[in-house]
Amino acid sequence: MSFELPALPYAHDALEPHIDARTMEIHHGKHHAGYTSKLNAAIGGTDAEGKSIEGILSGLDMNNKAVRNNGGGYYNHCLFWEVMAPNGGGAPSGELADAINDAYGSFDAFKDAFSNAAKTQFGSGWAWLCVHEGGKVEVCATPNQDNPLMPGIGCGGTPILGLDVWEHAYYLNYQNRRPDYVEAFFNVINWDAVAKRYAANK
Ligand code: MN3
């Protein structure tokens, strides 16, 4: 069994003007496809073959660069497409909103913390909102294609929202203006999808 590149759940241009179609085409069709095929090549014939991606990442030997980079890249982008939607934005409700308020005091304070994590991640990486067992949520950031499922990385929870801050995610439309891209991301967050991930992993 090998991993497959998931189809985008919306058209390439569905997230415009916040994320442009050309960026989505290259990001999904080239970058994510590349991580997927390199992950399959890296695990072929090893003990990791047949395991879930979550199982591979949580039990990862961090010195295994090929699986660390490409397994992370595979998982991170699967999550990224899922937590965006053309009619996204706004704010969460229900138990996810309660958890965010418990941890940060308000949605705006959470947004500041998440945006700051995304803007200050030096070089390539990701900003995350994670849930810990028991339901507490926490913002963190990781470099490259690392993520909080990996041993000793980030805040150690299960990611329920992720933002890719590699330049390949925004450079065509935003050039060096990462803060503008981070602000725009909040217009396409699919809070229903994030809430489902919260409920499934709390
Ligand atoms: Mn990317």
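Within each chain, residues carry numbers counting from 1 in the order of the written sequence. pLDDT decides what is reported in this predicted model: residues at 70 or higher carry local features, side-chain atom pairs at 80 or more are listed and counted, and totals for whole chains, interfaces and linings draw on all residues regardless. No hydrogens and no water enter the side-chain calculation; it runs on all heavy atoms of the structure.

Draft legend 1. A look at helix H1 (residues 21-43). Going along the chain from the N terminus, every DSSP run of H or I of four or more residues is numbered as a helix, and every run of E of two or more is numbered as a strand. To estimate the expected span of a helix, subtract one from its residue number and multiply by 1.5 Å. Compared with the 33 Å implied by 1.5 Å per residue over 23 residues, the 32 Å span of H1 between its first and last C-alpha is a close match. Its maximal kink placed at His27, H1 deviates by approximately 30°. When H1 is considered as a whole, its buried residues turn out to be Ala21, Thr23, Met24, His27, His28, His32, Gly34, Tyr35, Thr36, Leu39, Asn40 and Ile43. For H1, the elements touching its buried residues are helix H2 (53-58), helix H3 (65-82), strand S3 (158-164) and helix H6 (171-174). Values of bend correspond, residue by residue, to the angle between axes fitted over the seven residues ending at that residue and the seven starting there. Here's how the labels work: a residue is buried when its accessible area is under 20% of the maximum for its type, exposed when over 50%, partly exposed in between, all with a 1.4 Å probe on protein chains only. By the convention used here, residues are in contact when the closest approach between their heavy atoms is within 4.5 Å.

Draft legend 2. Looking closely at the coordination of the manganese ion. A 2.8 Å cut-off from the metal defines N, O and S donors, relaxed to 3.2 Å for Na, K and Ca; water is not in the atom list, so some sites may appear incomplete. Within the first shell, the manganese ion binds the protein through His27 (NE2), His77 (NE2), Asp164 (OD) and His168 (NE2), at distances of 1.9 to 2.1 Å. When the donors of the manganese ion are listed by position in the chain, the intervening gaps give H-x49-H-x86-D-x3-H. Of the two residues, His77 is situated in helix H3 and His168 in the loop between S3 and H6; the sequence distance between them amounts to 91 residues. Each member of the pair, His77 as well as His168, is classed as buried.

Draft legend 3. Geometry of the packing of H1 against H3. Packing of H1 against H3 brings their axes to within 8 Å, and their N-to-C directions diverge by 140°. Here H1 lies oblique to H3, going by the angle between them. Crossing of H1 over H3 shows left-handed handedness. Contacts between H1 and H3 involve Met24, His27, His28, His32, Tyr35, Thr36, Lys38, Leu39, Ala42 and Ile43 from the former and Ala66, Val67, Asn69, Asn70, Gly71, Gly73, Tyr74, His77, Cys78, Phe80 and Trp81 from the latter. Side-chain classes are defined by residue name, with Ala, Val, Leu, Ile, Met, Phe, Trp, Tyr, Cys and Pro counting as nonpolar, Asp, Glu, Lys and Arg as charged, and the others, Gly among them, as polar. Partitioned by chemical class, the residues of the contact of H1 with H3 number 11 nonpolar, nine polar and one charged. Each axis is a line fitted through C-alpha atoms, and for a helix only the stretch in contact is used; angles between axes span 0 to 180 degrees, taken between their N-to-C directions. Between 65 and 115 degrees an angle is taken as roughly perpendicular, under 35 as roughly parallel, over 145 as roughly antiparallel, and anywhere else as oblique. Helix crossings fall into two classes, left-handed where the near helix is turned counterclockwise from the far one by less than a right angle and right-handed where it is turned clockwise.

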